[in-house]
Structures are given as C-alpha cells and as structure tokens.
Amino acid sequence: MDILVCLKQTFDTEERIVIEDGQISDDGVEFVINPYDEYAVEEAIRLRDEHGGEVTVITVGPDRAEQALRTAMAMGADKGIIVDDEDLENADEYSIARVLAAVIKDLDFDIILGGYMAIDDGSAQVGPRLAELLEIPHISTITKLTIDGESVEAEKDVEGDVEYIQSKLPILVTAQQGLNDPRYPSLPGIMKAKKKPLEQLDLDDLDLDEEDLEGKTETLEVFLPPEKEAGKILEGELDEQVKELVQRLQSEAKVI
Amino acid sequence: MASDTITKGGSFLLEEISPADVFTPEDLNEEHKMMAKTTEDFVKDQVWPVLEEIEQHNFDHSVRLLKQAGELGLLGADVPEEYGGLGLDKVSSTLITEKVSLGRGFGLSHGAHVGIGTLPIVFFGTEEQKKKYLPPLASGEKFAAYALTEPGSGSDALGAKTVAKKSEDGQYYLLTGEKQWITNSAFADVFVVYAKIDGEKFTAFIVERDFEGVSTGPEEKKMGIKGSSTRTLILDEAKVPVENVLGEIGKGHRIAFNILNIGRYKLAVGCVGSCKRAIEISAKYANERKQFNTPIAQFPLIQEKLATMAAKTFAAESMVYRTTGLYDEGLSRLEGSDGSSAAKAIAEYALECSVNKVFGSEVLDYVVDEGVQIHGGYGFMQEYEIENMYRDSRINRIFEGTNEINRLLIPSTLMRKTMKGELPFMEKAGSLQEELMTMMPTLPDEEPAPLEEEFERIENAKKLFLMTAGLAVEKYQNDLEKEQEILRDIADIAIEIFAMESAVLRAKKALDKDGEEKAKMKLDLARAYVYEAFPRIEQKGRHILSSIEEGDLLRTQLSIMKKLTRYELINEVALKRTIAKRILDAERYVV
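Being a predicted model, the structure only gives us computed values, none of them experimental.

Rules of the game
- Starting from 1, residues in each chain are numbered consecutively following that chain's sequence as written.
- Just so you know, chain letters begin at A and ligand numbers begin at 1, following the order they were written in.
- Residue-level local features of this predicted model are given only where pLDDT is at least 70; pairs of side-chain atoms are given and counted only at 80 or more, and the full residue set underlies all totals for whole chains, interfaces and linings.
- Only hydrogens and water are set aside; all other atoms, that is, all heavy atoms of the structure, feed into the side-chain values.
- In this analysis, two residues are considered to be in contact whenever any of their non-hydrogen atoms come within 4.5 Å of each other.
- Once two parts are brought into contact, the accessible area they lose, counted with a 1.4 Å probe and summed over both, makes up the buried area.
- One speaks of a salt bridge when a side-chain nitrogen belonging to Lys or Arg is within 4 Å of a carboxyl oxygen belonging to Asp or Glu.
- Nitrogen and oxygen atoms within 3.5 Å of one another constitute a polar contact, given that in protein one can donate a hydrogen and the other can accept it, and given that sequence-neighbouring residues count only through two side-chain atoms.
- In this description a helix means any DSSP run of H or I spanning at least four residues, a strand means any run of E spanning at least two, and both kinds are numbered starting from the N terminus.
- The residue classification treats Ala, Val, Leu, Ile, Met, Phe, Trp, Tyr, Cys and Pro as nonpolar and Asp, Glu, Lys and Arg as charged. All others, Gly included, are polar.
- Only protein chains enter the area calculation, which uses a 1.4 Å probe; residues under 20% of their type maximum are buried, those over 50% are exposed, and those in between are partly exposed.
- Here the rule is simple: two strands pair whenever DSSP picks up at least two bridges between them.
- Axis lines are fitted to C-alpha atoms, over the contacting stretch for helices. Their N-to-C directions set the angle, which ranges from 0 to 180 degrees.
- UniProt positions are given in the numbering used here, feature names are shortened, and annotations may be inferred rather than shown by experiment.
- To qualify as a nonpolar core, a set must consist of buried Ala, Val, Leu, Ile, Met, Phe, Trp, Tyr and Cys residues joined through side-chain atoms within 4.5 Å.

**Comments concerning the interface of chain A and chain B**
Right, on to step 1. If you look at the interface, chain A gives 16 residues, while chain B gives 22 residues.
Right, on to step 2. Taking both sides of the interface into account, the surface hidden between chain A and chain B amounts to around 1600 Å²; carbon and sulfur atoms contribute 64%.
Right, on to step 3. When the buried surface of chain A facing chain B is broken down by residue, A:Tyr184, A:Leu187 and A:Ile190 rank first, second and third, together holding 45% of it.
Right, on to step 4. At the boundary of chain A with chain B, the tally comes to one salt bridge.
Right, on to step 5. Seen at the junction of chain A and chain B, the total is five residue pairs in polar contact (both at pLDDT 80 or more).
Right, on to step 6. Where the side of chain A that touches chain B is concerned, the elements lending two or more residues are helix H2 (66-75) and helix H5 (187-193) of chain A.
Right, on to step 7. Class assignment of the residues belonging to the side of chain A that touches chain B gives a composition of eight nonpolar, three polar and five charged.

**Description of helix H12 (residues 385-393) of chain B**
Residues and elements named next belong to chain B.
Right, on to step 1. Of all nine residues making up H12, seven are buried, and the element is well covered by its neighbours.
Right, on to step 2. For H12, every residue scored as buried is listed here: Ile-386, Glu-387, Asn-388, Met-389, Arg-391, Asp-392 and Ser-393.
Right, on to step 3. The inward-facing, buried residues of H12 contact helix H2 (51-55), helix H8 (252-288) and helix H11 (350-375).

**Quick word on the sheet that holds strand E12 (residues 171-175) of chain A**
All names here are of chain A.
Right, on to step 1. Reading across the sheet, the nine strands line up as E11-E10-E9-E12-E8-E1-E6-E7-E13 and stay open at both edges, with mixed pairing between neighbours. The strands lining the two open edges of the sheet, one partner per strand, are strand E11 (161-168) and strand E13 (198-201). The sheet shows a mean angle of 30° between the axes of neighbouring strands, taken without regard to direction.
Right, on to step 2. Here strand E9 (residues 138-148) runs beside E12; their pairing, made up of three bridges, is parallel. Bridging from a neighbouring strand, His-138 pairs with Leu-172 of E12.

**As for the UniProt feature "domain: Electron transfer flavoprotein alpha/beta-subunit N-terminal" (unreviewed entry) in chain A**
Right, on to step 1. Residues given the UniProt feature "domain: Electron transfer flavoprotein alpha/beta-subunit N-terminal" (unreviewed entry) here are residues 21-210 of chain A.
Right, on to step 2. This span, residues 21-210 of chain A, is 29% helix and 32% strand, and a straight line between its end C-alpha atoms measures 26 Å.

**Notes on the side chain of B:His110**
Right, on to step 1. Counting through the fold element by element, B:His110 comes out in helix H5 (residues 105-117).
Right, on to step 2. With near-sequence residues (within four places) excluded, B:His110 lies in contact with B:Leu66, B:Leu74, B:Leu75, B:Ile96 and B:Val100.

**Thoughts on the nonpolar core**
Right, on to step 1. Residues B:Phe123, B:Leu175, B:Phe205, B:Val207 and B:Phe465 are the most contacted members of the largest nonpolar core, which totals 172 residues.
Right, on to step 2. No other element matches the 18 residues that H8(B) contributes to this core.

**Notes on the pattern of salt bridges**
Residues and elements named next belong to chain B.
Right, on to step 1. Counted by the stated rule, this structure contains 60 salt bridges over all chains.
Right, on to step 2. Two residues, Asp-41 and Lys-37, come together in a salt bridge whose shortest N-O distance is 2.8 Å. Of this pair, Asp-41 and Lys-37 both sit in helix H1 (residues 30-47), separated by four residues, roughly a single helical turn.
Right, on to step 3. Residue Asp-41 is classed as partly exposed on the basis of its relative accessible area, which comes to 22%.
Right, on to step 4. By relative accessible area, which is 36% here, Lys-37 ends up partly exposed.
Right, on to step 5. For Lys-420, the salt bridge is made with Glu-422, and the minimal N-O distance between the two is 3.9 Å.
Right, on to step 6. What makes Lys-420 exposed here is its relative accessible area of 58%.
Right, on to step 7. One salt-bridge network, held together by shared partners, links Lys-312, Glu-496, Glu-532, Arg-536, Glu-572 and Lys-576.

Here it is in structure tokens:
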C-alpha cells in the first residue's frame, strides 16, 4: 500500500505567541509536527505495518520544517519530501493545496492522510481542497479507520456524535484527536531516520508558476486576543442583581 | 574538538583554553535534540501522571515505565551495539539523564540502572559477562543496582565488612554481609556487589537477585527521593559463581572509584535538569502570584533571585556539557575493550567529575531553596512541586561521595597527577612566583570587548590558584593532607575557576558564532556568574594565605594577591533585572 501523509510544522503547543511588527515572531520558538498531523503519521505507520507498503511524508515549508519530516521518519515513516516555500508569496490554503497536488500527481498512492487542521491557523481546508484537486473522495475528522482490500470504513467525529462512513480507495482522510495515540520517536528510530531519503523540491521542479499560486485571501492585521479581565460577582437581593445585570449588559457590554 | 591531543584532566587549572575546544549545549545536533524531546515527552506524559503513586512506593509503575523506557532505547545509550545497546555518544546519554531528572525519584531509578548499575559491566565485564547481562539490561528486561555502601562504611568504602569465601568445591564465592541504601533494590535483578575475598582482597561481583542467600530488607523512610526504592541488600552466604567476579580479584577499588566518577558527573547532569525545572515553576508562580495587587514577579528582589538562579544554572549546565565533551573525546579514542583502558579514560577526568558533583549539587540546593522562598508559604506545602524538589535535592550533597570527600579529592587528584608527571603544576607554580613579584597591575581597557574582562579575571583566578596552592604545598609538603580546611579552599577555587570558565567559554563560543545580539542572554548570564563568583575566590585566597603565613610575609603575599583580584565594578542590579525579565517572559530557563 502506498501511503502519503501531508504534514505541517507548527509552534509547540506550549509556546507563547509574541507579535513583532505586525507579524508573529518565531524567534527562539520550538517547533513540532502539528499534533493532528501526528495522528495521521501514526495511523499511516500502523496501516503500513498491517498492509505492507511505504509511508511518504510530505510538507511545504522553510528549511526548518525538514525537522518535522525527520521526526516523522524517526517514528517510522520511510521517506520524506519537502517543498521549499520561499518563492510562495502570500500563500494560503488555496496555494498549499495546489503545491501538494502537484507533488502528489507524480506519486503512486492508495491513501493520503493528514491532520484535520493545523493548530496555528486552524483553517481545516487543505485536506478537503487537496482531495478535490486530485478528484478523490475524502472523509474528514476521523476517529477510526479500517481498510479491507479496496473498501474503507471510517468513524467520523461530528461535534461529539459519530458518523459511520464507507468508501473506497484511493481516498484522503483527515485525523481528529482520538484516532490513535502517537508513538514517541524511539532512539533507534532517530538514528535510522538520519539515513532515510529526503527529497527537496522547489516550485520549478514541480512546473508550477508562482503567480498561479498566489493566495485567495489577504491578511489585514494580526493581533492577540484581548487580555481577560477579572470578572465581577453581583451582590444583593436577586431582583437588584437582575436589574444590575440587565443594565450592565446594555450599557457596558452593549449586547442587548 | 579539532585538536589531536587529548585534553588532560585538571589541565584547565594551568592552561588557557579556547572556546572552540569545549563542547556546549549549542553544539547539539538534530538527533540529540530529538532524543532529548522523546525523553522529555516520555517523562511528562507517562511518568508525571503516576509520580505520586511511585512516591508512595508503588514500584510496579517504576518497573513498567522502565520497561517502556527500554523499548524507546532510553536504557541502552551507554551500552555498545554488539551487546544490545545503542552505543551512542556521551552527549546523548547526558541529555537523557538531564531530561529523566524531571521524573524526580523515577529519574534516580533510571540513573542507578543505566549508570552505576550497568556501567561496571560495560567497562569491566568479561566477554561472557557482557553477552549474558548487557542485552537484558539495555532492553529493560532486567534491572541493575550498585551495592557498595555498608552500615559501617560510607565514605571509607574500602572499610567494607562484607566477605567472600570460596566454596569447598571451588565453584562459588559465598558472600556474607549487608549492603545499605541500595537504589532500585526493590526490583533490581542484578547487583554489582563489593566484598573482600578472605576478608582482604576487595573485589567486585555480579550478584543476581535469585542467587541462593540473597534478600532485601524493608524500604527505608527517607527525607526525599521517595520515588526511588532504597533497601538493604542482605547477603547470607550468597552463592555467587566464580565466573561472576567482575574485573580482577583484589582490584575492586578500581571499578568502585571509576564508576563513582561517572556517577558523580551524571549526578551533576541530573541536578542541571532539576535546576531548570525549579526555575520554570518559580518563574510561573512569580508571574501568577499577586501581593499588594502586583504580581510578585514585578518586585526586584524576586527578579534578583530568578536571575541568580539562572546564572548559577548556566554555569552548571555549561560545566556538565563541557565535561561530557571531554568524555566523548577520551572514550572515543579508547583502544581495546579491556577494563584497564576504560578505567584510565574515566580516571583522566576524575578531578572534573568531583568538581561537577560538588558544584551541581550545591547549585541545585541554592536554586530549590530560593524556589521555595519565591513560593512563600505555599512553597512549604506538599501540594507544591517545589516543596518536593527541595527535599529531593538534599541527598545530592551526600551520595556519590560527600561533597567534603569530593573537595578533598580535587587537590589530591591534582597532586597525584603532578607526581606522575602528567601535569606541570610545580613548574608553573614556581615560575609564577617570579612573575608575581614583578607584576604591575594593568590599567583597565576603556572599551573592553565583550567578555574580555571576564577572561582576564579567569586568568588571574588561575594565577591565584597556583599561587595559593603552590604556597600550601611548599609549606606543608606531605603533611598537606592533614590540612583539610586549606584543601577545601583550594578545591573551592578550582571549582569556581571551572564554573566561571565553562560559562564564559560557552558564551564566547556563541558570540563568535551568532554575534552579540543573539548571544546576549548567554553573555549576560556568564558575566553575572563571574561577577558573583570572583569575590569568593579572593576570600578563599585570603583564608589560605592567612593560615599559612604571618607578619610581613603575609602582608607581602596579600599585596601580591590584591593585584590579581582587582576588577571593574559593573551595575549588577541592572544586569540581573535584564536576565530576570527574559526568564519571566519565557516562564522558563532560557539562554
């Protein structure tokens, strides 16, 4: 089985966001594999171990994102592909999905996995967009996956409920929390990852024109959420509290 | 480590060292970082949730987690590949040790197993012993412990009373005695035990838990490190096959002391990991806790504490990774796999190991003490992690050789190396005396380059060391060993030199590579450390001089020393506030 995993390198979940000159600063920041993509990597390795074949991990990003691929290979993925994003300007989900599609159209695959969203921009678009471009079906936010021959069965998280879906290979699925418990890269795995093949591509290698890849969205401003202020507990008789609450909702919060 | 000659142990006291020749945490490669992350994630996700149960002596968790650690390769870093390990460099095993220390008592279980438990067999085992014991120890199928201490022999390890007698058929040694405070004793399968054959020949043995006559006592009730198992190992004519003698008969001390060297330096590594954790939780607490409607992090006295904690930790961290680099250099050139060449390579840096042990454990004690203070009354409550860390820290100044014993070892190791002709201590001390007589103090540079003043101070500290230690040797000759206070002072100066120099060399290496802006925090931390350490050296120097000279001679020597201890004042308040701001912004130890 040829298994592809699309992943993104993101800030470590414990990092604090610092904005400098209207941009999020990545100075001294620790990076990890996007946690949802990590479920995808784990699932891919399990599929490979069960059905045989190979796991290829793919990312679009700066040089440092190679480290995310090495980590996935230390977990057990067999090879990696990184597409340099230096020529991409104003890239958004539209652009990234196109780049990934261009990489993948030259590859054999039975299944493509990814996280259902990246924890940094949280758009949850790249997976479905990629499936559309490749003209294959997709199932998002899966929490269970079974493959038997050509047939695919998945459990999908729908706001706390579960949908059972059947489909066929080739397919793209995106992982939700609960799909599995990703393994740690073991020390022998880390040593082996060093020697696994990692292909570096840029837009020229993919016959892509950067103008066609310009994002469809524009970021106007980046700002932190307002700091949470201390709450207020109303006191006095119930009637008075209700009156005060209504008055505050009207004049202070201006929501009614 | 481009040089072709191996750095001699203790040579840092006599020579100038270049930043390119020291290993620093900034030299870690990607694999190192991944290994550190795997270890840290494992401890945080798997160990922390059950730490309280482990600390209530539920050692089933310890065993389960150690097995899991084995599957991840966290037990095999120091075991060669041909015996089922990974045979990684010492930097990797240092990183594992540092990160596992986050698991407190569990970290000790891990450390005792991979370190003092397994290493004697790695370095001194026969081919058969290695083949038999190392693969299950590296994989986590079996666990190891180290049994040296006895009720009546602690620091005086060779005074052990446990005896070994050959059985009548000549097939076994029968070991009888009690080994005390044995880490991992609740679940260890293999013990490295020291006993005297016929009451005389101090020898190491590999003793399996299942051997007839082997048992353990009840769990000890300890002040801290409650998450590690500590019992007495009881040997009642324990039947140990003759092929389980480890190393040479009568040469057990060689194994015992060399393994202790490694244990000492690994202990310091663990202390560094704990220091970082204490800084992290204290910085977080300081940001959260409000008094007078103000987060206490905004009070300069709290900031100063965090800055000093960070500066000391920086020195300790720089020191342990520098020492790791020395070992990688020394052990990688090991020829042959026999115990004696390994012993020689380990013994080379015995002095540095003692320096690491004393410094690391005392820095940690300082850091957790101030950590409790930052937490105020809450720091005294058991629900707070810092309370636990405070109690756990205390043992580090005692085990693996008390800090007193280790202090005495520093000058005695130096003298031994001098007598063997390995270090030109006496020549240097002699030529220095002439130099000092004519030395004129130099005028301070108007605009010194970054760290220039710090390097000058380290150079002067080395001269002060040579001067005072040289005078002490000259005066007391062979009786110097009775002057423990002077030996302690000499050791303290050596320790401060290694600490200051490690911090400054690391900062300089970063400065050369990344420039002043990016290396700023490291420069600040190194400067802060040197600034607070240097006056201590001066004080120790006075203490030595005033106890060996008097009258005019004393006054002459003191005036010479004064030339060596001049330094420019800096705005330490501003420097420490800057450091504290970085720590408080990041809410963790950052460089």
